[in-house]
Amino acid sequence: MRNISIEEHQLIGDIYDAALDARLWPNILTKIATHTQAKTANIIAMDQLNPAYNLFFPHNIPEQCLMEYQESGWNVVDMKVVGAGLAKFGVGVPHTSIDVFGSIENVQKEYDDYYGFLQKWGMTSQLGALLDHGDFRWSVVGIHRPEEMGVFGADAAAFLEHITAHIRRALQIHRQLMAVKNENTRLYTMLDAMVTGVILLGNDARIHFANPRAARLIAEHQAITIQQEGLRAQNSPQNSILQKLIRGAIETSQRDCQGSHGGVIGLNSPHRSTPLLLSIVPLSSLDTWQDLRHDNIAAAIFLTDPDQGYHLSDHLLQDNYQLSPREVTICQLFVNNPNINTIAEHRGLSTESVRTYLKAIYEKTGQHSQAELIRLLMGLRVDFEHIR
């Protein structure tokens, strides 16, 4: 077991203070760099679909380097390449660039321009600990040296691993506090719970928020890429139409008029036989969402997988009609295929058992036939229907 010094205990306390006051991160990075004999250090929290949570604090990194890092897109390369490499080893465990890529020569071979950037700014020897990772997000704490200073040793790795657990908790606290400070927390919580994909765009067409369903659909279909300037369709002709619809929706919202500018587009993907459907809507057309103006939201995009079935709210069925979990499951199956034999086969039940469940559902919901139950359940869908 490592002996924890007084200085390290103080550093851990500083880390939790930084969860409340992000301005303290540069001082923490200075202490980390000093302890590990690193030339530079940084902490990055990047979420392409929810940029309000982004953090980026450097230590001893020139301003020109930081500008190049952002403008040349190396931040995205870092997330996609380095993040994916570190993810193979797991969250919270520090690894060097050699661990990730096999050798410095491999970095040169596979990522020549990126290696040139690292070499230019004296960062070719790296030790990083992944804090979080997903399709469109990552967070990491990293320390760096130029090649001539040599690789980081076991002591530096052990030190970074110990404090990484505290840094991860501090970032989680930061996200929670950011959510509490948001005046529209309830609305964003509702959007997170929706089974429809929702993306909110600002006046500059950049993404301000995307719910988990939108993130999954984008990752699964791969019909869209996320860039610094916003969404882009993989198919060039379709992208031209998408950008036109987005601009029209934003302009309509800025003029504060109830127009129909925006629209629906299906984006093709080489991974799916059916297109991903997007409905682009001006905020001015969404009366119940007008509070989002406070966050400079101008348009909303709803994403729907045409292959998905209908979805019902489990909580709504349980709270309003006192259905049991098994009865809710029967309803979910029934609304997509009202065939008793199919439902029985799917759940491993007898047809008589399914009829018994349906009889109880009829009584609790006040319906008297399959047709009436279907009509009720279709009215309780929480998925989104595109209007062409």
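**Examining the overall build of the protein**
And then number 1: Helix and strand content of the protein: 16 helices and twelve strands.
And then number 2: By its C-alpha atoms, the protein is 80 × 55 × 40 Å across when sized along the principal axes.
And then number 3: Residues counted as buried form 46% of the 388 residues belonging to the protein.
And then number 4: Within the protein, contacts between residues at least 6 apart in sequence are counted, and of these 61% link residues at least 24 apart.
And then number 5: With an accessible surface of roughly 19,600 Å², the protein has 50% of that area assigned to carbon and sulfur atoms.
And then number 6: Here the protein holds 32 positive side-chain charges and 42 negative ones, and the gap between their average locations is 4 Å.

**A closer look at the pairing of strand β10 (residues 263-269)**
And then number 1: Pairing geometry for β10 and strand β11 (residues 272-282), over six bridges, is antiparallel. Looking at β11, one finds that glycine 263 is bridged to isoleucine 280.
And then number 2: Counting the residues that bridge the hairpin from β10 to β11 gives two residues.

**Notes on the packing of helix α3 (residues 63-71) against helix α4 (residues 74-87)**
And then number 1: Following both chains from N to C, one finds α3 and α4 inclined at 70°, their axes separated by 5 Å at the closest point. With respect to α4, the element α3 is oriented roughly perpendicular. Between α3 and α4, the contacting residues are Glu68, Tyr69 and Gln70 on the first element and Trp74, Asn75 and Asp78 on the second.
And then number 2: Counted by class, the contact of α3 with α4 contains two nonpolar, two polar and two charged residues.

**Some remarks on the environment of arginine 272**
And then number 1: With respect to the element layout, arginine 272 can be found in strand β11.
And then number 2: Separated by 119 residues in sequence, arginine 272 and glycine 153 have C-alpha atoms that sit 46 Å apart.
And then number 3: Of the polar contacts made by the side chain of arginine 272, one reaches the side chain of histidine 221; its length is 3.3 Å.

**A short note on the confidence of the model for the protein**
Detailed reading of the predicted model is not advised wherever pLDDT is low.
And then number 1: For the protein, per-residue confidence averages 86 on the pLDDT scale, and residues scoring 70 or more make up 93% of the total.
And then number 2: Below a pLDDT of 50 lies the segment residues 384-388, which in the model reaches 14 contacts outside its immediate sequence neighbourhood of four places, other chains included.

**Regarding the sheet that holds β11**
And then number 1: Read from one edge of the open sheet, five strands run β7-β6-β12-β11-β10, paired in antiparallel fashion. Pairing within the sheet leaves two strands with one partner each, and these edge strands are β7 (207-210) and β10. When strand polarity is set aside, the average angle formed by the axes of neighbouring strands in this sheet is 25°.
And then number 2: Pairing of β11 with strand β12 (residues 297-304) involves six bridges; the strand directions are antiparallel. Directly across from leucine 278, in β12, lies its bridge partner leucine 303.

**Focus: the pairing of β12**
And then number 1: Among the eight residues that make up β12, eight are buried, leaving the element largely enclosed by the rest of the structure.
And then number 2: For strand β6 (residues 197-202) and β12, the ladder comprises six bridges, and the chain directions are antiparallel. Looking across to β12, one finds that glycine 197 is bridged to leucine 303.

**Brief notes about the pattern of salt bridges**
And then number 1: Under the counting rule described, the total for this entry stands at seven salt bridges.
And then number 2: Where lysine 31 meets aspartate 14, a salt bridge forms, and the shortest distance between an N and an O atom there is 2.5 Å. Note that lysine 31 is positioned in helix α2 (residues 25-36) and aspartate 14 in helix α1 (residues 6-20), a separation of 17 residues in sequence.
And then number 3: Ionic pairing is found between lysine 364 and glutamate 327, a salt bridge with its closest N-O pair at 2.8 Å. Placement of the pair is lysine 364 in helix α15 (residues 351-365) and glutamate 327 in helix α13 (residues 325-336), with a sequence separation of 37 residues.

**Focus: the packing of aromatic side chains**
And then number 1: For the structure on display, the rule yields five aromatic pairs.
And then number 2: Taking 5.7 Å as the distance between ring centres and 25° as the angle between the ring planes, the aromatic pair formed by phenylalanine 56 and tyrosine 69 counts as stacked. A residue pair is termed long-range when its members are at least 10 positions apart, and phenylalanine 56 in strand β2 (residues 55-59) and tyrosine 69 in helix α3 qualify at 13 residues.
And then number 3: The class for phenylalanine 56 is partly exposed, based on a relative accessible area of 26%.
And then number 4: Geometrically, the ring pair formed by tryptophan 74 and tyrosine 114 is tilted, given 5.5 Å between the ring centres and 40° between the ring planes. Highlighted residues: tryptophan 74 in helix α4 and tyrosine 114 in helix α7 (residues 112-120), separated in sequence by 40 residues.

Reading the values: the criteria
Residues numbered from 1 in each chain as written. Predicted model: local features only at pLDDT ≥ 70, side-chain atom pairs only at ≥ 80, totals over all residues. Heavy atoms only, no water. Helix = DSSP H or I, 4+ residues; strand = E, 2+ residues; numbered from the N terminus. Buried < 20%, exposed > 50% of the residue type's maximum accessible area, 1.4 Å probe, protein only. Contact = heavy atoms within 4.5 Å. Areas by Shrake-Rupley, 256 points an atom, 1.4 Å probe, with all protein chains shown as cover. Lys, Arg positive; Asp, Glu negative; His and termini not counted. Charge placed at Lys NZ, Arg CZ, Asp CG, Glu CD. Pairing = 2+ DSSP bridges. Axes fitted to C-alpha atoms, helices over the stretch in contact; angles between N-to-C directions. Parallel < 35°, antiparallel > 145°, perpendicular 65-115°, else oblique. Nonpolar A, V, L, I, M, F, W, Y, C, P; charged D, E, K, R; others polar. Polar contact = N/O pair within 3.5 Å; in protein donor to acceptor, adjacent residues only side chain to side chain. pLDDT = per-residue confidence, 0-100. Salt bridge = Lys/Arg side-chain N within 4 Å of Asp/Glu carboxyl O. Phe/Tyr/Trp six-rings, centres within 6.5 Å; stacked < 30°, edge-to-face > 60°.

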